[in-house]
Every structure is written in structure tokens, then in C-alpha cells.
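For reference, the chains in residue letters:
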Amino acid sequence: MNSPFNASSLTTLCDSDMSADLHLANARLVLPDQVLTGAIVIENGSITEILEGDQVPVGAIDCRGDLITPGLVELHTDNVERHIEPRPEVDWPHLPALIAHDAELASTGITTVFDAMRVGSIHSGKGRYIDYARKLADELLAARAQGFFKISHFLHLRAEICSETLLQELATFGTEDRVGIVSLMDHTPGQRQFRDLSALKTYVAKKRGMTDDEFEAHVENLLGLQKRFGAKHEAGTVVEATRLGAVLASHDDTTAEHVATSASNRVGFAEFPTTLEAAQACRSHGISVMMGAPNLIRGGSHSGNVAAEELAKADLLDIVSSDYVPSALLLSAFRLAQIWDDLPRAIATVTSNPAIATHLKDRGALKVGLRGDVLRVQLVDQMPLLRGVWSQGKKVG
Ligand SMILES: [Fe+2]
């Protein structure tokens, strides 16, 4: 990791709304190393007691044997972008978009989110991206400071290195923004996520409605940007992540060589390695591997890359992210529990493992002293049905 990330001061700033005491009894508690029938008590926003047994004291909620898990910790979701731009070129009013995004995540069991925002814009051509991250971050931080959110929000800057304005945009962020994650992205066609150009064409054509000629010009433009900016922006982003005190993440690493470069950049975790080879290299360099929940649920990647299930079976999967489907996160943990026959281990991929990767020491497990972020889950035909979501002991979903 690059530098210490002061989670406790961050938490103080973003969460001021404590709640009444909560006592969930007669539950199956998913603890870090076992599932225990018992009760959990949350007072002043934190877990104060974990008790064994199926008694239901007066005033407690009888969970009737439902599971209680920690709240989910989401490191990479495109969901906020989907709300502010519900269709290409449609700029929805940001505050209501942020509030709707927050409520949607709460309804899926996510109690901590690192909101991904692209930095690095391209001002020309049909594949253009306009700078928006600084303004949106200001709006998000202001909404957070005013207590508008149900859940805990941090910033994740997705640094697109093959762009025109990346370093200027990063320079507008400072330590006061408490950026949690900076990820290094290179989506140049013909490599990494888009080795298969036809998959890129399908994705871009659908999203931006390009003709064949426009798509060809778009690819040429992106190849030119990589030549001009790729190496310089990668090196500059590593320096900026250190300056910001953020955890650095790699993205779409495909070869052992990519991973060696990521290791030399001191990345903390790898987002969506695209091959078994890259995931194995991550393991040997001590880099945690994150894969997408939709990939796990669908049984494969929409870009034609390695299946998350294959990595899970090879013991090469540490963290799951909801990516582009928030509700997939909880589902994916229960899918992993089936694959591994180990519920605590599966739940860790969406709770304690992402918390550890981002240096959040105050959450991610059912332990006395940690935040009272918990979920009540009923299993119906092996599918998890969310019955309740609490953030710092306050019901938010
Ligand atoms: Fe990607």
C-alpha cells in the first residue's frame, strides 16, 4: 500500500447520525470464522455484545433463525455515474441522483461504498468524455457533510491514463477530499478488458450509437492517446495517489508482466484481472484479487474475459465488487458460499476483505467495537432475501 489511510477521522466526518439501541436475537450470526446461533447488540452505532443462544429477551427483534451478516463494503461501482447520466448525454440533476443512488445501494445491503468517478477526459470525437469528477465530488462531499445519506460514502477516482486531462484533473484533488482509492485504467482497444475488439464494438455501439466508420475513428483516436499519454500519465497517477493518501488499485491486468508493473507501482488490490495467468501473478505478488459480482452470477464476463467462478475454484478470489449491478453483491456472496461450502469465507469477500484492502479498520465483521452495520438475510430456496439493513444500528433498508 502507498500510505496510511486515516479511516477513523474519515468516519467521524461522514457519519454523525447515531441511532437507538438495536438487539437482534435468535439469529444465525455470520462471524469471521463460524456461524453462531445467538444475538447481537448495537448501542450508539457500534456492536457492544455478541451472545450465544436462541433466547429472545423483551425488546429484542426475533430473527427466527435468519442470518445476520456484516453490511457489504463496495469498492468499485459505476452506479453513481448511471444515476447522473441515465442515458448518454443526459445530465440528471446531481443531488437527487446521488440520493437515489445512496438509497438504491442501501436497499441491496451495501453500507459502505467507494463511489467510482472517472478522471481523465477526452474532448474530441464521438467517444468524448467531459470533465465532471471534481464537481461531482464536491456535490457528494457536501451531501455527506449535511447527513443526506443513509450509508457511508468515500471517493474512488478511476484514472483513465489514455486521456487528455488526467493529471490536471487529479491536481484539483487534495488530502482534504480523503480520496480512498485511485485506480489505474487503460481501456485502449486491443488489450486488457478489450482484447476482443468485437466485444468493445458491441459495448460502445450500444452505449454511444456509433457507425462502423465512427467506431474506427474512435479506436484510432484512443490508440493515439495511449502513445502520447499512457506512460506519462501512469507514472503521474502513482505519484498523485501517494500525495492523496489513497490506496492504489490496478485494473484489467492481463499478463504476468502487467501484474509485475502493478507490483512495482505498489498497488494494494487488482480490479478484474482478465486471465488466470494475471490472477496467479497477483497471488504471488501478494496483491488481492477483486472480481465482478455480475461475472460470478452470469457465469462469465460480458467482455469475454476469465470467469470469476474459475478464479474462485482456483482459490484466487479475495474481493467481490457489484461493478454495474448493485444487487449482485449479496447474491454473489451466497453463490461463493455454495462453491466453497464455507459461508464465513464467502461473506468475507464482500465485507472484511474489501475493508482491509482500503484500510477501514472500523467495519467489515461482526465483532464487538466495530460499526453496527448489519444485514438480516432469510434464505429462500438457497437465494438470499434481504429482510433488513442497518447502518450504525439505524434501519436504512
Ligand atoms: Fe475495465
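For clarity, every value in this text was computed on a predicted model and none was experimentally measured. (Residues numbered from 1 in each chain as written. Predicted model: local features only at pLDDT ≥ 70, side-chain atom pairs only at ≥ 80, totals over all residues.)

(A) Representation of the overall build of the chain. Along its length, the chain carries 14 helices and 16 strands. Dimensions of the chain along its principal axes, counting C-alpha atoms only, are 70 × 45 × 40 Å. Out of the 397 residues in the chain, the part that is buried amounts to 47%. By sequence separation, contacts in the chain at least 24 residues apart represent 69% of the contacts at least 6 residues apart. (Helix = DSSP H or I, 4+ residues; strand = E, 2+ residues; numbered from the N terminus. Buried ≥ 20, exposed ≤ 12 C-beta atoms within 10 Å, placed from the backbone. Contact = placed C-beta atoms within 7 Å.)

(B) Seen up close, the nonpolar core. Judged by nonpolar contacts, the single largest core of 103 residues is most densely connected at Ile40, Ile68, Leu157, Ala159, Val182 and Met291. Ranked by the residues each element gives to this core, the list is headed by helix 12 (residues 328-340), at seven residues. Beyond its immediate stretch of four places on either side in the chain, Ala159 contacts Val119, Gly120, Leu166, Leu170, Val182, Ser183, Leu184, Met185 and Thr237. (Core = buried A, V, L, I, M, F, W, Y, C linked by C-beta atoms within 7 Å.)

(C) Quick look at the sheet that holds strand 12 (residues 288-292). With parallel pairing, the eight strands of this open sheet are ordered in space as 6-7-8-9-10-11-12-13. The open sheet is flanked by strand 6 (72-77) and strand 13 (319-321), the only strands paired with a single partner. Sheet twist, expressed as the mean angle between neighbouring strand axes with direction ignored, is 25°. Judged from the three bridges that link them, strand 10 (residues 247-251) and strand 11 (residues 269-271) form a sheet pairing that is parallel. If you follow Ser250 over to strand 11, its bridge partner there is Ala270. Packing against the sheet, helix 7 (residues 212-244) makes contact with strand 8 (152-160), strand 9 (179-185) and strand 10, and its axis sits at approximately 170° to strand 9. (Pairing = 2+ DSSP bridges. Axes fitted to C-alpha atoms, helices over the stretch in contact; angles between N-to-C directions.)

(D) How the structure looks around the pairing of strand 10. Within strand 10, five of the five residues are buried, leaving the element largely enclosed by the surrounding structure. Here strand 10 shows a buried face lined by Val247, Ala249 and His251 and a second buried face lined by Leu248 and Ser250. Sheet topology note: the strand 9/strand 10 ladder contains three bridges and is parallel. Each bridged residue has a counterpart across the sheet, and for Ser183 the counterpart in strand 10 is Ala249. Crossover handedness for the path strand 10 to helix 8 (residues 256-264) to strand 11: right-handed. (Right-handed = clockwise from strand over helix to strand, strands pointing away.)

(E) Region of the structure containing the pairing of strand 8. Of all nine residues that make up strand 8, nine are buried, and the element is covered over most of its length. Along strand 8, one buried face is formed by Ser152, Phe154, His156, Arg158 and Glu160 and the opposite face, lined by His153, Leu155, Leu157 and Ala159, is buried too. The pairing of strand 7 (residues 110-119) with strand 8 spans eight bridges and is parallel. Its bridge partner lying in strand 8, Arg118 is registered against Arg158. Pairing of strand 8 with strand 9 involves six bridges; the strand directions are parallel. Of the residues in strand 9, the one forming a bridge with Ala159 is Leu184.

(F) Structural view of the packing of helix 3 (residues 94-107) against helix 4 (residues 133-145). It is the contact of helix 3 with helix 4, at a shortest axis distance of 10 Å, that shows an interaxial angle of 60°. Between helix 3 and helix 4, the angle is such that the two are oblique. Where helix 3 crosses over helix 4, the two elements pack in a sense that is right-handed. Contact residues: His94, Leu95 and Leu98 in helix 3; Leu136, Glu139, Leu140 and Ala143 in helix 4. The residue inventory of the contact of helix 3 with helix 4, partitioned by class, reads five nonpolar, one polar and one charged. (Parallel < 35°, antiparallel > 145°, perpendicular 65-115°, else oblique. Left-handed = near helix turned anticlockwise from the far one by under 90°. Nonpolar A, V, L, I, M, F, W, Y, C, P; charged D, E, K, R; others polar.)

(G) Highlighting helix 12. Taking 1.5 Å per residue as the helical rise, helix 12 with its 13 residues ought to reach 18 Å, and the 18 Å between its terminal C-alpha atoms agrees with that figure. Here helix 12 has its buried residues at Ala328, Leu329, Leu330, Leu331, Ser332, Ala333, Arg335, Leu336 and Ala337. Two residues or fewer past helix 12, Asp341 is found with a positive phi of approximately 50°. (Expected span 1.5 Å × (residues − 1).)

(H) Structural detail: the environment of Asp341. Here Asp341 is to be found in the loop between helix 12 and helix 13 (343-348). A tally of 9 C-beta atoms within 10 Å means that Asp341 is categorised as exposed. Asp341 sits 245 residues away from Pro96 along the chain, and the two C-alpha atoms are 41 Å apart.

(I) Summary view of the environment of His101. Secondary-structure assignment places His101 in helix 3. Taking C-alpha positions, His101 is 25 Å from Ala270, a pair spaced 169 residues apart along the chain. Excluding its chain neighbours within four sequence positions, the residues that come into contact with His101 are Asn79, Val80 and His83.

(J) Inspection of the confidence of the model for the chain at higher detail. Taken residue by residue, the chain gives an average pLDDT of 92. The fraction at 70 or more is 94%. pLDDT under 50 marks residues 1-17. Its contacts with residues more than four places away, or in other chains, come to 33 contacts. (pLDDT = per-residue confidence, 0-100.)

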